[in-house]
Amino acid sequence: MQGFTTIDLIILIVYLGAVLFAGLYFSKKEMKGKEFFKGDGTIPWWVTSVSIFATLLSPISFLSLAGNSYAGTWIMWFAQLGMIVAIPITIRFFLPIYSKLDIDTAYHYLEIRFGSKGLRVLGAVMFIVYQVGRMSIIMYLPSMVLSNLTGINVNILIIAMGVIAIIYSYTGGLKSVLWTDFIQGSVLLVGVTFALLYLAHGIDGGFGAIFSTMGQGKFLAADQPIFNPNILKDSVFLLIVGAGLNTCSSYVSSQDIVQRFTTTTDMKKLNKMMLTNGALSIFIATVFYLIGTGLYVFYSQNALPPAAQQIFASYIAYQLPVGITGILLAAIYAASQSTLSTGLNSVATSWTLDIQERLSKKEMSFALQTKIAQYVSLGVGIVAIGVSMVLANGEIKSAYEWFNGFMGLVLGVLGGTFALGTFTKIANAKGAYVAFFVAAITMVCIKYMAPAGAVSIWSYSIISIAISLVVGIPVSIITRKMDGDDSKPVADSTIYHN
């Protein structure tokens, strides 16, 4: 029960310094314009793949996944298997389109497909507001946990995380972000895998005891069905399909992920990128859930455990050897910084290319684009740090989480708009606008007005995509007839042009 020692603190500080050095090293070449936003063409596909993995695995997931299987069952693990739905759909239908169109941002696709600057700006605004809120929470929650475990002032942890991410995001653009994400994702993978092996070694019976416990109701409970005919209710099937479509929406409509796809137009590299990311995501989720069940066995055999929400973080601080604790807590920080630096760069890119350039009357030079993006990443970073510190020192957590959940819900509707554009030739801008707002209003009503438990959150993506198609197609047909519009989509902007 040694807790967080001076050696662990030194390791944490050295790690943060190394990340900053690495970020500055990869940004030593001045990046301008396309290079700042897309990289310079020298980034290997496997670096980008690990970066996507590190971006999707937020520190909130890091701290909660093990707690899920510790306090309950593996039911939520099946949401990670949604990758087997999301990846084939993305590879088969969306990546070929993005590659052929050579898009600059996710919302650039909306302008190309629907011929509407307004839709591009709408998509960008929704993403930016959501991302700023998400970044603030991502700095706040892990910093609070680390503060409780280490005794370091939470404001210092928030500022350190934010400043380091701002520096290398500001100086090196996407290339710097991708390489530092790769480093942090690798630290996370190695650290968490070591924690599982060390945990199993400390359990009487090792992995055998863990698997035996899973077979005694810790994998799936009796009231957790494989399939429920009511698709609005939780089941293994719904988690796989619903989470799969949700992840697919992130892959195709969230700028922080799509930006990784813009680093290359080589379909072989894009496919490798997706498949490797899927394998890493399923692997690490499995490790986390094994850790959760392992902690259940460990604490059943030993002393009373801490609260389930911090079960893994407490194990790291009080059960692992000195030095390893520092590395693992650095991994939590790694997950935070990866998501934060990605958020800063993607917001700066989207603001500059989707909003500033669309609204500007004159064409902007690459140098001006880069300078604007740098200022935006700096300003957004400072705002996120400030909001995160307010959260850490105030009592507005629940209201802010409500706001973040609301924005995430509406942002998810964007996936339906992309599906409308990709899978239909008839859809036009008017149909897309109506479908977006009808789907958004419907989903908000379901989330905040429907009786608790009436509709599973895992069915949200299914409902929003269905509404977008059911509403968008007839509205497009009607408005086309009213306007006498017989135009066709831009070549390669739908699956029918591939």
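Residue positions are counted from 1 within each chain, in the order its sequence is given. Given that this is a predicted model, residues contribute local features only at a pLDDT of at least 70 and side-chain atom pairs are listed and counted only at 80 or more, while totals for whole chains, interfaces and linings are drawn from all residues. The basis for every side-chain value is the complete set of non-hydrogen atoms in the structure, without hydrogens or water.

**A short note on the overall build of the protein**
- The number of helices and strands found in the protein is 19 helices and 0 strands.
- Against the 2.2 N^0.38 benchmark of 23 Å for 498 residues, the protein shows a C-alpha radius of gyration of 23 Å, consistent with a compact globule.
- Projected onto the principal axes, the alpha-carbon positions of the protein cover approximately 75 × 55 × 45 Å.
- In the protein, buried positions account for 58% of the 498 residues.
- Taking as baseline every contact in the protein between residues at least 6 positions apart, the subset at least 24 positions apart corresponds to 84%. The way it works is that DSSP assigns letters per residue, a run of H or I at least four long becomes a helix, a run of E at least two long becomes a strand, and they are numbered from the N terminus. Only C-alpha atoms enter the radius of gyration; for comparison, a globular chain is expected to reach 2.2 Å times N to the power 0.38, where N is the number of residues. Only protein chains enter the accessibility calculation, which uses a 1.4 Å probe. A residue is then buried if its area is under 20% of the maximum for its type, exposed if over 50%, and partly exposed in between. Contact definition: two residues touch when any of their heavy atoms are within 4.5 Å.

**A word on a nonpolar patch on the surface**
- Candidates for patches are residues over 30% relative accessible area with no salt bridge; among them, like charges are joined within 9 Å and nonpolar side chains (Val, Leu, Ile, Met, Phe, Trp, Tyr) within 5 Å. Residue-level accessible areas treat just the shown protein chains as cover; the underlying method is Shrake-Rupley with a 1.4 Å probe. When a carboxyl oxygen of Asp or Glu is within 4 Å of a side-chain nitrogen of Lys or Arg, the pair counts as a salt bridge. A cluster of nonpolar residues, Leu 24, Ile 159, Val 163 and Ile 167, forms a patch on the protein surface that exposes about 270 Å² of accessible area.
- Ranked by residues supplied to the nonpolar patch, first place goes to helix α9 (residues 154-201) with 3 residues.
- Residue classification places Ile 159 among the partly exposed positions, given a relative accessible area of 38%.

**A word on the environment of Val 434**
- On the secondary structure map, Val 434 appears in helix α18 (residues 429-449).
- Counting along the chain gives 37 residues from Val 434 to Val 471, while the straight-line C-alpha distance between them is 7.4 Å.
- Non-local contacts of Val 434, meaning those with residues more than four positions away in its chain, are made with Val 471 and Val 475.

**A closer look at empty space enclosed by the protein**
- Residues are called lining when one of their atoms sits within 4 Å of a cavity or pocket point, these points coming from a 1 Å grid over the protein atoms alone, where a cavity is a set in which a 1.4 Å probe fits but cannot get out and a pocket is an open set with protein on both sides within 12 Å along at least five of seven lines. Grid points are joined across faces, edges and corners, and a volume is the space filled by probe spheres set on the points. This structure, assessed with the given rule, holds 3 cavities of 30 Å³ or more.
- The computed volume of the largest cavity comes to approximately 70 Å³.
- As for the largest cavity, its lining consists of Leu 95, Tyr 98, Ser 99, Asp 102, Ile 103, Phe 261, Thr 262, Thr 264, Thr 265 and Leu 270.
- The element best represented in the lining of the largest cavity is helix α6 (residues 83-101), accounting for 3 residues.
- By the convention adopted, Pro, Cys, Tyr, Trp, Phe, Met, Ile, Leu, Val and Ala count as nonpolar, Lys, Arg, Asp and Glu as charged, and the other residues, Gly among them, as polar. Partitioned by chemical class, the residues of the lining of the largest cavity number 5 nonpolar, 4 polar and 1 charged.

**Details of the nonpolar core**
- Only buried Ala, Val, Leu, Ile, Met, Phe, Trp, Tyr and Cys residues count toward a nonpolar core, and they belong to the same one when joined by side-chain atoms within 4.5 Å. Judged by nonpolar contacts, the single largest core of 144 residues is most densely connected at Tyr 98, Tyr 251, Phe 261, Ile 291, Leu 295 and Phe 418.
- Those residues in contact with Leu 295 that sit more than four places away from it in its chain are Tyr 70, Leu 199, Ile 311, Phe 312 and Tyr 315.
- If you look at the next biggest cluster of nonpolar residues, it comprises 6 residues, including Phe 26, Val 47, Leu 178 and Trp 179.

**Some points on the pattern of salt bridges**
- Applying the stated criterion to the full structure yields 6 salt bridges.
- Two residues, Asp 256 and Arg 134, come together in a salt bridge whose shortest N-O distance is 4.0 Å. Separated by 122 residues along the polypeptide, Asp 256 in helix α12 (residues 255-261) and Arg 134 in helix α8 (residues 117-150) bring together distant segments of the chain. Each member of the pair, Asp 256 together with Arg 134, is buried.
- Residue Asp 181 pairs with Arg 260 through a salt bridge whose shortest N-O separation is 3.0 Å. Of this pair, Asp 181 sits in helix α9 while Arg 260 sits in helix α12, and the two are 79 residues apart along the sequence. Both residues of the pair, Asp 181 and Arg 260, belong to the buried class.

**Quick look at the packing of aromatic side chains**
- Stacked, edge-to-face and tilted are the three classes for Phe, Tyr and Trp ring pairs, Trp counted by its six-membered ring, which pair at centre distances within 6.5 Å; planes under 30 degrees apart are stacked, over 60 edge-to-face, the rest tilted. Counted under the stated rule, the structure contains 24 aromatic pairs.
- With a centroid separation of 6.3 Å and 25° between ring planes, the pair formed by Phe 207 and Phe 211 is classed as stacked. On the criterion of helical spacing, the pair formed by Phe 207 and Phe 211 is a turn pair, its members being 4 residues apart in helix α10 (residues 206-218).
- Each member of the aromatic cluster is reached from another via a ring pair, and the members are Phe 93, Phe 94, Tyr 98, Tyr 107, Tyr 109, Phe 127, Phe 418 and Phe 423.

**Let's talk about the layout of surface pockets**
- If you add up the space inside the second largest pocket, you get close to 180 Å³.
- Lining the second largest pocket are 14 residues, and of these Phe 114, Asn 428, Arg 480, Asp 485 and Ser 487 lie nearest its centre.
- Contributing elements (two or more residues each) for the lining of the second largest pocket: α7 (106-114), α18 and α19 (460-483).
- It is α7 that contributes the most residues to the lining of the second largest pocket, 3 residues altogether.
- Residues belonging to the lining of the second largest pocket are distributed by class as follows: 6 nonpolar, 2 polar and 6 charged.

**Some remarks on the packing of α10 against helix α13 (residues 267-301)**
- Running from amino to carboxyl end, α10 crosses α13 at an angle of 95°, the nearest separation of the two axes being 9 Å. In terms of orientation, α10 and α13 fall into the roughly perpendicular class. Only Leu 290, Thr 293, Gly 294, Tyr 296 and Val 297 of α13 make contact with α10, whose side of the interface consists of Ala 209, Ile 210, Phe 211, Thr 213, Met 214 and Lys 218.
- For the contact of α10 with α13, the residue count by class is 7 nonpolar, 3 polar and 1 charged. What counts as an axis is a line fitted to C-alpha atoms, over the stretch in contact for a helix, and the angles between N-to-C directions run from 0 to 180 degrees. Every angle not falling under 35 degrees, over 145, or within 65 to 115 is termed oblique; those three ranges are roughly parallel, roughly antiparallel and roughly perpendicular.

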